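Examination of the molecular architecture
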Amino acid sequence: MTMFLLRRTIRTAVWTNHFRQFSASQTHLSERKGLVLGVFENKVGEKGSLQLTEAAAGFDQSLSGKLSELLNISGPALKKGKSRIFYGIHKDFPCVAVVGLGKKNAGVCGMENWDTTKESIRQAVSAGCRVLQDLEVNHVEVDACGDAQSAAEGAILGLFQYDQLKSKKKTKVTTQLYGSADLVSWEKGVTYAEGQNLARLLMEAPANHITPTTFANTIEERLAAFSEQVTINKRSQAWIEDQQMGAFLSVTKGSDEPPVFLEIHYKGSPDGTQAPLLLVGKGITFDSGGISLKPSPSMDAMRADMGGAATVCSSIVTAAALKLPINIIGLAPLCENMPSGKATKPGDVVKARNGKTIQVDNTDAEGRLILADALCYGHTFNPRAIVNVATLTGAIDVALGSAAAAVFTNSDWLWEQLHKASVVTGDRVWRMPLFKHYTSQVTDCQLADLNNIGKYSRSGGACTAAAFLREFVTAPHWAHLDIAGVMSNKDEIPYLRKGMSGRPTRTLVEFASGLAHSD
């Protein structure tokens, strides 16, 4: 009972004191106010080294050019993503952070596979907001910098800090748009970023606080406000057994925490007969490796092995908040992977929901087992497309690092939709091969129809894992996103602090939005 009350207290603190704080727009007399303004680099040959944004130019005019003067005498031209603080230049804003946005209208870069302008705005705004937060400024107004959505994303993502369990916390900062009437885009950016922050929150929280049960309860609470469009089923172990999900159950056996099969139906389309988009997320709330035990260094990071479930569920929460006109079904098989006398042993053979038998030679290759049964079940809804998301293999981290999530797909159309969405969000994806070459490495099995690891061990590990999943897919439009490489952030993404990243939540939301508005 004590642990239950502790978890409930933590969840309450998270949602009431943390999640919405960055999007508040109300100010109070006791607040210390700051302002973030942007400047672009001028092209070679143009007069001056910097070009003020529209909002910054208006602010400068109200000060009779004082901001421009200070920028010119305070040092070299601001580089992209850098900030400079000015104090006492405006009665309403004791602290003003001016941030470098790089080149104006840089647009989409084919080499980088993202919109450079949007990404530069996110980086710059986050830098400005953070430096003001470090000065204990608790209300920040933000220049749209020509793209209010990207500015909002940079502010909200940049200010996020998981400190629920610490005595000393970062200054809580509220934000609002400055000098622009584009409140619709600003609020959209806030919603996108809060969705990613929800995934970060779930992934960062300790595994004794986010168990399969508390994960499901947390998502249920977050979706409570959208009860007219959302139905949630938290399926028990008895239901999982009735569904003959032997692959999923084989992973759950070693843990005392009961598994949960979380099923979410979001009905946003006015056409009730519209085929749903199916999102499936791997939900291992802690992965010890089972009997094939992981090395102890960095095992604590395996609290985020439910990153697939976290991003999928957070994207549905975001879709509901945005009222996207699309039907989405989310599936998240949730459990722990633990060693015990009851745990699955290397060499055991289990049967999946579709009747295929699997030789489990490595119990640390468990994600594909729980996804196999979820994918089989998901086909019963006749979806228009299936996207599964999982922190599946260390091999993909070796291949791509944290630059992009890997996409394995049997559909060129689906790849194009995902890639287009990722260019907009800056949270990139990269297509990987799904050759039959890899299929033979999991179907050539001594005891069963399939082996849960490739016969050449670590060779092409991410590709053989995808080939394994393909054995449980009959739909013509399916994509597997391996997000193990983007699970956490050190300093690679400037507008995300060190910790669990919540990627690629915004890309999933943008992808769903694209489908919703293409009909």
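As a starting point, this report considers the structure included with it. Small disclaimer: the values here were computed from a predicted structure and weren't measured.

Each helix and strand counted, the protein chain has 16 helices and 22 strands in total. Relative to the globule expectation of 24 Å for 519 residues, the C-alpha radius of gyration of the protein chain, 24 Å, shows essentially globular dimensions. Burial statistics for the protein chain: of 519 residues in total, 59% are counted as buried. Long-range pairs, those at least 24 residues apart, make up 77% of the contacts in the protein chain with a sequence separation of at least 6. Carbon and sulfur atoms make up 52% of the accessible area of the protein chain, which amounts to about 20900 Å² in all. In the protein chain, the 54 positive side-chain charges and the 51 negative ones have mean positions that sit 2 Å from each other.

What follows is about empty space enclosed by the protein. Rolled over the atoms, a probe with the dimensions of a water molecule shows which regions are left empty. One pass over the full model with this rule turns up four cavities of 30 Å³ or more. Its boundaries defined by the atoms lining it, the second largest cavity holds a volume of some 80 Å³.

Right, let's get into the packing of helix α5 (residues 148-159) against helix α6 (residues 183-204). Viewed as axis vectors pointing N to C, α5 and α6 meet at an angle of 35°, and their least axial separation amounts to 7 Å. In this structure, α5 crosses over α6, and the sense of that crossing is right-handed. Residue-level contacts link Ala148, Gln149, Ala151, Ala152, Glu153, Ile156 and Leu157 of α5 to Ser185, Trp186, Lys188, Gly189, Val190, Tyr192, Ala193, Glu194, Gln196, Asn197 and Arg200 of α6.

Before going further, it helps to spend a moment on the packing of aromatic side chains. Per the stated rule, a full pass over the model turns up eight aromatic pairs. Centroid distance Phe261 to Tyr377: 5.5 Å. Interplanar angle 90°. Geometry classified as edge-to-face. Residue Phe261 is located in strand β10 (residues 260-267), and its partner Tyr377 is located in helix α11 (residues 367-378); the two are separated by 116 residues in the primary sequence. The side chain of Arg428 reaches across the aromatic face of Trp114, ending 4.0 Å from its centre.

Parameters at a glance
- Residues numbered from 1 in each chain as written.
- Predicted model: local features only at pLDDT ≥ 70, side-chain atom pairs only at ≥ 80, totals over all residues.
- Heavy atoms only, no water.
- Helix = DSSP H or I, 4+ residues; strand = E, 2+ residues; numbered from the N terminus.
- Rg over C-alpha atoms; globule rule 2.2 N^0.38 Å.
- Buried < 20%, exposed > 50% of the residue type's maximum accessible area, 1.4 Å probe, protein only.
- Contact = heavy atoms within 4.5 Å.
- Areas by Shrake-Rupley, 256 points an atom, 1.4 Å probe, with all protein chains shown as cover.
- Lys, Arg positive; Asp, Glu negative; His and termini not counted.
- Charge placed at Lys NZ, Arg CZ, Asp CG, Glu CD.
- 1 Å grid on protein atoms, 1.4 Å probe; cavity = no way out; pocket = protein on both sides within 12 Å on 5 of 7 lines; lining within 4 Å.
- Points joined across faces, edges and corners; volume = space filled by probe spheres on them.
- Axes fitted to C-alpha atoms, helices over the stretch in contact; angles between N-to-C directions.
- Left-handed = near helix turned anticlockwise from the far one by under 90°.
- Phe/Tyr/Trp six-rings, centres within 6.5 Å; stacked < 30°, edge-to-face > 60°.
- Lys NZ or Arg CZ within 6 Å of the ring centre and 35° of its normal.

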